[in-house]
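Reading the structure
Spelled out, the chains give:
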Amino acid sequence: MVESDHERVVEVGDEDYESVISDGLVLLDFWAEWCARCTAMEPVLEELVQNNAELTLAKINAEENETLLREFGVQSLPRICLLDDGQQVDEFTGQPAYVHLNRAVQSHC
């Protein structure tokens, strides 16, 4: 697990993601370097975390974590899953607007 400057934004993989998702509200962000839409979503997701103190953003590199891709049925990127105490409660594919993501997060706070 690699933490960024913002302690609630972490990079996780197949081996360590369960320790991150097991408690609280977590947004899983499946991404890849070659994915332009993934890059475009980065500022949206970072703003979402900044505006929701109870939210953790767990970034999962799709090219390096095939087990998680299969487990979450990821077929296209970006794919964003909202988990509450380890249980998936919502999901988004593509580039959802900030308002839609925030509404989903707020409904589970």
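That block above? That's the structure.
Predicted model only: the values in this text are computed from it and were never measured. (Residues numbered from 1 in each chain as written. Predicted model: local features only at pLDDT ≥ 70, side-chain atom pairs only at ≥ 80, totals over all residues. Heavy atoms only, no water.)

Looking only at helices and strands, one finds four helices and six strands in the protein. Secondary structure elements of the protein occur, N-terminal to C-terminal, as β-β-α-β-α-β-α-β-β-α. Burial analysis of the protein (109 residues in total) assigns 46% to the buried set. Put simply, of all contacts in the protein between residues at least 6 apart along the chain, 69% involve residues at least 24 apart. (Helix = DSSP H or I, 4+ residues; strand = E, 2+ residues; numbered from the N terminus. Buried < 20%, exposed > 50% of the residue type's maximum accessible area, 1.4 Å probe, protein only. Contact = heavy atoms within 4.5 Å.)

Turning to the packing of aromatic side chains, a few remarks are in order. Evaluated as defined, the whole model comprises two aromatic pairs. Arranged with centres 6.3 Å apart and planes meeting at 80°, the rings of Y17 and F72 form a pair that is edge-to-face. Of this pair, Y17 sits in helix 1 (residues 17-21) while F72 sits in the loop between helix 3 (66-71) and strand 5 (79-84), and the two are 55 residues apart along the sequence. A residue is classified by how much of its surface remains accessible, and F72, at 10% relative accessible area, is buried. Relative to F72, the ring of F30 has its centre 5.6 Å away and its plane inclined at 50°; by these criteria the two rings are tilted. Note that F30 is positioned in strand 3 (residues 25-31) and F72 in the loop between helix 3 and strand 5, a separation of 42 residues in sequence. One aromatic cluster is present, built from ring pairs that chain together Y17, F30 and F72. (Phe/Tyr/Trp six-rings, centres within 6.5 Å; stacked < 30°, edge-to-face > 60°.)

Moving on to helix 4 (residues 98-106). All of the buried residues along helix 4 are L101, A104 and V105. Relative to the axis of helix 4, the buried residues are bounded by an arc of 100° and lie together on one face. (Arc of directions from axis to C-beta.)

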